[in-house]
Amino acid sequence: MEFNIEWHDRLGSTNACLKERLLQGFEIPSGLIIAAREQTAGRGRSDRRWLSAPDTNLCCSIYIGTAAELRAVPSLTMAVALAVAELLNALDIAAAPKWPNDVLVGEKKICGILSERVEHRGNAGIVVGIGLNVNMTSEEAAAIDRPATSMLIEGGQAHEPASVLEALFPRLDHWIGAWQSGGFSALRETWTQKAGPIGKPLCVHDGSIKKSGTLAGFGDHGELLLQTECGLETIWSGDVS
Ligand code: BTN
C-alpha cells in the first residue's frame, strides 16, 4: 500500500486530527499518515494520557480505509505491533508484541498502539495511532508511571523519528496487507510465536474484573483465549500481566 506522510510541528493528538477530518466530511486516502513532532493531548488506551517530550519520539496515526467491522479492529492493532516489533528486532532490540496493543522489551513498554474505528456518511476506516519511544532517556522513562524504555535506551543510539517511520513502511505494508487479505488468520502463526508461548501463566485485568489462567491461544479475531480453572474464557479487552 502507498503511505503519504503529513508532518506537523505541534498537534493535540494525531488520532484525534484524523478522526476530526473524517467527521468533517473530508475524504481521506487510505495510507495517509499524520505525524507530529509534538503532541499536546496524546491519548492512550482507556483514556489514559500518552506523554512524549517534543522532538523525541515517534507519534503518528495511519488511516486505513476499510469497511471491516468493529471486532476486526484489535487484530489490525496486532498487525501494526508485529510491524514495529519486526523493525526493532532488525535493529537488535529484543522487542516482542504483547496482547492487545503493546510492544515490550522484557517487561518495559517501548510502543503503544491505539486503534479507533471511524465512520461518517459512508466513509469508514480505522485510525491506528503509534507511539514509539525513540529517543526517550532513562530519566524520562523513570518519570512514567509504568515501566518504559526506548530505542535509545535499548540500542544506545539516537534515531531520527522521521527515519524510523520510513523504515517502518515495508513492515507496515506487509503486515497491514496480510490483515487486509486474511484478517487475524494471516497473523496468527507469527503472533502466537512472538506473543506466546501457549501455556504461559497470565493474569487479565479489565476494570474491576481479574482473571487468572494460562494462555490457550487466540481466537478468529485475535481475542485472547484464557484457560482458567472454570474452563476456557474469551477475553476481548484488558491489561495482561
Ligand atoms: C497505549 O498504549 O495506550 C496506546 C498509546 C498510543 C499513543 C499514540 S501517539 C500517536 C497517536 N496519537 C494519540 O493521541 N495516541 C496515539
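Above this text is the structure in question.
Residues numbered from 1 in each chain as written. Predicted model: local features only at pLDDT ≥ 70, side-chain atom pairs only at ≥ 80, totals over all residues. Heavy atoms only, no water.

For helix α6 (residues 188–195), the complete set of buried residues consists of Trp191, Thr192 and Ala195. Down the axis of α6, the buried set is contained in an arc of 95°. They therefore lie on one face. Summarising the geometry of α6, the exposed residues directed more than 90 degrees from the buried face are Glu189 and Gln193. Where α6 is buried, its residues touch α2 (73–90), β4 (95–98) and β9 (209–218). (Buried < 20%, exposed > 50% of the residue type's maximum accessible area, 1.4 Å probe, protein only. Helix = DSSP H or I, 4+ residues; strand = E, 2+ residues; numbered from the N terminus. Arc of directions from axis to C-beta. Contact = heavy atoms within 4.5 Å.)

Turning our eyes to something else, we now look at the pairing of strand β5 (residues 102–105). Alternating positions in β5 separate into two faces, Asp102 and Leu104 on one and Val103 and Val105 on the other, with burial throughout. Relative to β5, β4 is paired through four bridges, and the arrangement is antiparallel. Across the sheet, proline 97 pairs through a bridge with valine 103, a residue of β5. Where β4 hands over to β5, the hairpin turn is made up of three residues, counted between the paired strands. Of the pairings in the sheet, the one linking β5 to strand β6 (residues 108–120) comprises four bridges and is antiparallel in character. (Pairing = 2+ DSSP bridges.)

One open sheet accounts for seven strands, arranged β1-β2-β3-β7-β6-β5-β4; its pairing is mixed. Unpaired on one side and paired on the other, β1 (4–8) and β4 mark the two borders of the sheet. Neighbouring strand axes in the sheet, compared pairwise and without regard to direction, differ in orientation by 20° on average. (Axes fitted to C-alpha atoms, helices over the stretch in contact; angles between N-to-C directions.)

Now for the nonpolar core. The nonpolar side chains of soluble globular proteins are, as a tendency, buried together. If you look at the biggest cluster of nonpolar residues, it comprises 56 residues, and the most contacted ones within it are Leu132 and Leu224. Setting aside chain neighbours within four positions, we find leucine 224 in contact with Trp99, Leu202, Val204, Leu215, Gly217, Phe218, Glu233, Thr234, Ile235 and Val240. Counting residues in each nonpolar core, the second largest holds eleven residues, with Leu18, Leu32, Ile34 and Val118 among its members. (Core = buried A, V, L, I, M, F, W, Y, C linked by side-chain atoms within 4.5 Å.)

In the vicinity of the ligand lie 21 residues, with Ser13, Gln39, Arg43, Arg45 and Lys109 positioned nearest. Taking serine 13, its side chain carries an N or O atom lying 2.8 Å from an oxygen atom of the ligand. Calculation on the ligand without its partners gives an accessible area of 420 Å², and the protein chains cover 98% of this total. Mapped by element, the contributors of at least two residues to the shell around the ligand are α1 (14–23), β3 (58–65), β6 and β7 (123–132). If you tally residues by element for the shell around the ligand, the top one is β6, at four residues. Residue composition of the shell around the ligand, by class: six nonpolar, eleven polar and four charged. (Near = heavy atom within 4 Å. Polar contact = N/O pair within 3.5 Å; in protein donor to acceptor, adjacent residues only side chain to side chain. Areas by Shrake-Rupley, 256 points an atom, 1.4 Å probe, with all protein chains shown as cover. Nonpolar A, V, L, I, M, F, W, Y, C, P; charged D, E, K, R; others polar.)

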